[in-house]
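Listed here are the chains, written in short residue letters.
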Amino acid sequence: MARVSVTVNGDQRTFAINDRGLTIGRQLDNEIVLNHAIVSRKHVHIELRGRQAWLTDLNSRNGVTVNRLRVKEEQLNDGDVIGVGPFELQFEDRAAQSVVLDDNRYFPLSSEARVVKGHELPPEAINLQEFYTIGMRLNQVVDFRELLDLVMEEIMRVVPAQRGFLMLRKGEELVPRVVLPAGTGDVAISGSIVRKALEGGEAVLTKDARLDFAGSDSIISANIRSAICTPLLLQGSTIGVILLDSPGREKFTERDRDLVTAIANISAVAIERARLTEELRQQGQLRQNLERFLSPNVAKALARYVAEYGKLWEAQEQVVSVLFADVKGFTSLSERLSPREVQDLLNEYLHEMTDVIFRYNGTLDKYIGDGIMAIFGAPRLPDEPIDDQHAMRAVAAALEMQSAQKRLVDKWEPSKAFSIRIGVNTGTVFTGFFGTRHRLEYTAIGDTVNTASRLESAAEPGSVFIGDDTAQMVRAAFTLQEMGKLQLKGKQQLVSAFKVLGAK
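Described in the following lines is the structure provided in the data block. Just so it is clear, the model here is predicted, and its values are computed rather than measured. (Residues numbered from 1 in each chain as written. Predicted model: local features only at pLDDT ≥ 70, side-chain atom pairs only at ≥ 80, totals over all residues. Heavy atoms only, no water.)

**Considerations on the pairing of strand β20 (residues 363-368)**
To keep it simple, the criterion reads: Two strands pair under a simple rule: DSSP has to find at least two bridges between them. Helix and strand definitions here come from DSSP, where helices need a minimum of 4 consecutive H or I residues and strands a minimum of 2 consecutive E residues; each element is numbered from the N-terminal end.
One ladder, built from 5 bridges, connects β20 with strand β21 (residues 371-376); its direction is antiparallel. In the strand pairing of β21, Ile 368 is matched with Gly 371. Between the end of β20 and the start of β21, which pair antiparallel, lie 2 residues, with Gly 369 showing a positive phi angle near 65°.

See the structure below:
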């Protein structure tokens, strides 16, 4: 139920993931050969573990990425982009076979083709109890892929057919998810029959395609005579179709059509439930990873974006406010206390400071020993408006961090007392994600960051120093004391600095 597509020298090729899996690399005995100097001989392997596809880096020299994040081993989801050297491979969670809606390629089935019958069922065999049992089976399955297989198994058990297809909408495309009997080659079905079911919103039964679709020369010339095609309807919208076909005339009855329609109706609800469950599971897993370094509301929004678009956005240039905080005299404090006391003190301090940053919608960039770097105004999702309040929030957070630190010190014994200094600077930075799927770092780089760090180093213990651009954005809300132009370490030009005295 999965395949990988890649374009090499302008030629797009698609590879089905079978039980043996796919090995990708420069060597000629790989299933997918990517001949490039920075691709290893055996670079990466993709295999099926149950119904899930997993990617494993085969200790390649230059590594492999999934959606631009470097990984060693990763479960793949539909739409993931795999990076191997300069090549991008698209993973698709769908039937391995390519199904083409093209009447001109509606290939004939041999008249002696075996019909997938399961058990021969007399007309009276399917009753309300049987239908209820089918519904119960479908509603008990949570796994999305397993449910799709079960839907087709149940339909082809009660309505024998030579072939069966379950296809779901993905945007404007109709994606094959289950093809029975399974295979690896291309297969074509009638676009006329499928379109009639989709446009009419009701099941199509053709006992003889030559008569029912006389306007289509390709169907007239094909050997397939009987078909049932029913839409998967959910609240008036079509989320997909189920198609059965067999050679010969009058292979299906109105009763067969009604059975397929009834099962399709309950299947549509179950499929949507399983799809939403899978989407929430993926969002929850991603959000759990992101909440290590993002405020919860930002992590939630970011997880939503990745779930919708299937990837992280490119690194971007934007205006933000950067905050650095540092403990004054931490080295001497460490000498006075035991390692366990230092650890407990630092953990409590960092916890309090991080809570403040998150309350003001800041992003925790990193801990640097006893230091903290935070960003306000990023990340900003591409579909979100520009944030013009990041400097206000950064300065307000800095003042509250000073207050929180004083509350901590007041409840500790005098030997543990310390002060902190904070620097805030506003300007243009380059922001983006770095790391792997399991260990992400969202960071900002640029002179704005360096200046914020130098302002923190120049600040007096217990104070907040800000740069000129920050001061211009917050002076209406905060009382500032001009500190003049300072010669900051590593800066050739003097930098105007201001001390924040408090809110107006």
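**Quick notes on the sheet that holds strand β2 (residues 11-16)**
Keep this limit in mind: All axes are obtained by fitting lines to C-alpha atoms, using only the stretch in contact for helices, and the reported angles, taken between N-to-C directions, cover 0 to 180 degrees.
Taken together, 6 strands build an open sheet; the order of strands is β2-β1-β11-β10-β7-β8 and the sheet is antiparallel. Each edge of the open sheet is held by one strand with a lone partner, namely β2 and β8 (69-71). When strand polarity is set aside, the average angle formed by the axes of neighbouring strands in this sheet is 30°. The pairing of strand β1 (residues 2-8) with β2 spans 6 bridges and is classified as antiparallel. When the bridges of β2 are listed, Ser 5 appears paired with Thr 14.

**Regarding the pattern of salt bridges**
Under the convention used in this document: What makes a salt bridge here is a side-chain nitrogen of Lys or Arg within 4 Å of a carboxyl oxygen of Asp or Glu, nothing more.
Taken as a whole and judged by the stated rule, the model has 21 salt bridges. Taking the shortest distance from any N to any O, the salt bridge between Glu 47 and Arg 49 comes out at 3.1 Å. Arg 275 is the salt-bridge partner of Glu 272, the closest N and O atoms lying 2.7 Å from each other. Of the two residues, Glu 272 and Arg 275 both sit in helix α6 (residues 254-290), 3 residues apart, roughly one turn of that helix. Connected through shared salt-bridge partners, Glu 47, Arg 49 and Glu 73 make up one network.

**A closer look at unusual backbone geometry**
The condition is simple: Note on exposure labels: buried denotes an accessible area under 20% of the residue type's maximum, exposed denotes more than 50%, and partly exposed covers the range between, all computed with a 1.4 Å probe on protein chains only.
For the bond running from Leu 180 to Pro 181, omega is -5°, close enough to zero to count as cis. Position of Pro 181 relative to the elements: it lies in the loop between β14 (173-180) and β15 (187-189). Across the junction of Ala 378 and Pro 379, the peptide omega takes the value 0°, indicating a cis bond. Along the chain, Pro 379 falls in the loop between β21 and α10 (390-411). Phi angles above zero are rare outside glycine, and Asn 361 is one such case at about 55°. Topologically, Asn 361 is positioned in the loop between α9 (339-359) and β20. Among the residues examined, Asn 361 registers a relative accessible area of 33% and is labelled partly exposed.

**Digging into the nonpolar core**
Stated formally: Throughout, nonpolar core names a set of buried Ala, Val, Leu, Ile, Met, Phe, Trp, Tyr and Cys residues whose side chains join them through atoms within 4.5 Å. The contact rule is simple, with two residues in contact once any of their heavy atoms fall within 4.5 Å.
Core analysis: the biggest nonpolar cluster contains 42 residues, and Leu 323, Tyr 349, Ile 422 and Ile 466 have the highest contact counts within it. Broken down by element, this core gets its largest block of residues, 10 residues, from α10. Once you skip the residues sitting within four places of it in the chain, Ile 422 turns out to touch Leu 323, Phe 324, Ala 325, Ala 398, Met 401, Gln 402, Glu 456, Ala 459, Ser 463, Val 464 and Phe 465.

**A look at the sheet that holds strand β5 (residues 44-49)**
Ordered in space as β4-β3-β5-β6-β9, the 5 strands form an open sheet in which the pairing is mixed. Edge strands, defined here as strands with exactly one partner in the open sheet, are β4 (32-33) and β9 (73-75). Alignment of strand β3 (residues 22-25) against β5, held across 3 bridges, turns out to be antiparallel. From the neighbouring strand, Thr 23 faces β5, where its bridge partner is His 45.

**Regarding the packing of α9 against α10**
Quick note on the threshold: Reported orientations rely on four angle classes, namely roughly parallel under 35 degrees, roughly antiparallel over 145, roughly perpendicular from 65 to 115, and oblique for the rest. Handedness of each helix crossing follows the sense of rotation of the near helix against the far helix: counterclockwise by less than a right angle gives left-handed, clockwise gives right-handed.
Contact geometry of α9 with α10 gives a least axis separation of 9 Å together with a crossing angle of 150°. In terms of axis orientation, α9 runs roughly antiparallel to α10. Where α9 crosses over α10, the handedness of that crossing is right-handed. For the pair α9 and α10, contact is made by Glu 348, Tyr 349, Glu 352, Met 353, Val 356, Ile 357 and Arg 359 and by Ala 397, Glu 400, Met 401, Ala 404, Gln 405, Leu 408 and Lys 411, respectively.

**Considering the packing of aromatic side chains**
Where we set the bar: Each Phe, Tyr or Trp ring (for Trp, its six-membered ring) is paired with any other whose centre lies within 6.5 Å, and the angle between the two planes then decides the class: stacked below 30 degrees, edge-to-face above 60, tilted in between.
Inspection of every chain in the model, using the stated rule, returns 2 aromatic pairs. Judged by centre distance (5.5 Å) and plane angle (90°), the ring pair of Tyr 349 and Phe 418 falls under edge-to-face. Here Tyr 349, found in helix α9, pairs with Phe 418, found in the loop between α10 and β22 (419-435); they are 69 residues apart in sequence, far enough to count as distant. Given a relative accessible area of 9%, Phe 418 falls into the buried group. With centroids separated by 5.8 Å and ring planes inclined at 35°, the aromatic side chains of Trp 412 and Phe 418 adopt a geometry described as tilted.

**Considerations on the environment of Ala 16**
Within the secondary structure, Ala 16 sits in strand β2. On a C-alpha basis, the gap between Ala 16 and Val 4 in space is 6.5 Å, while along the polypeptide they are 12 residues apart.

**What to know about helix α2 (residues 144-158)**
Convention followed: Under the convention used throughout, the expected extent of a helix is 1.5 Å for every residue step, that is, one less than its residue count.
Helix length check: α2 (15 residues) gives 22 Å between terminal C-alpha atoms against 21 Å at 1.5 Å per residue, within 8%. Counting buried positions over the 15 residues of α2 gives 12, a clear majority of the element. Listing the buried residues of α2 in full gives Phe 144, Arg 145, Leu 147, Leu 148, Asp 149, Leu 150, Val 151, Met 152, Glu 154, Ile 155, Met 156 and Val 158.

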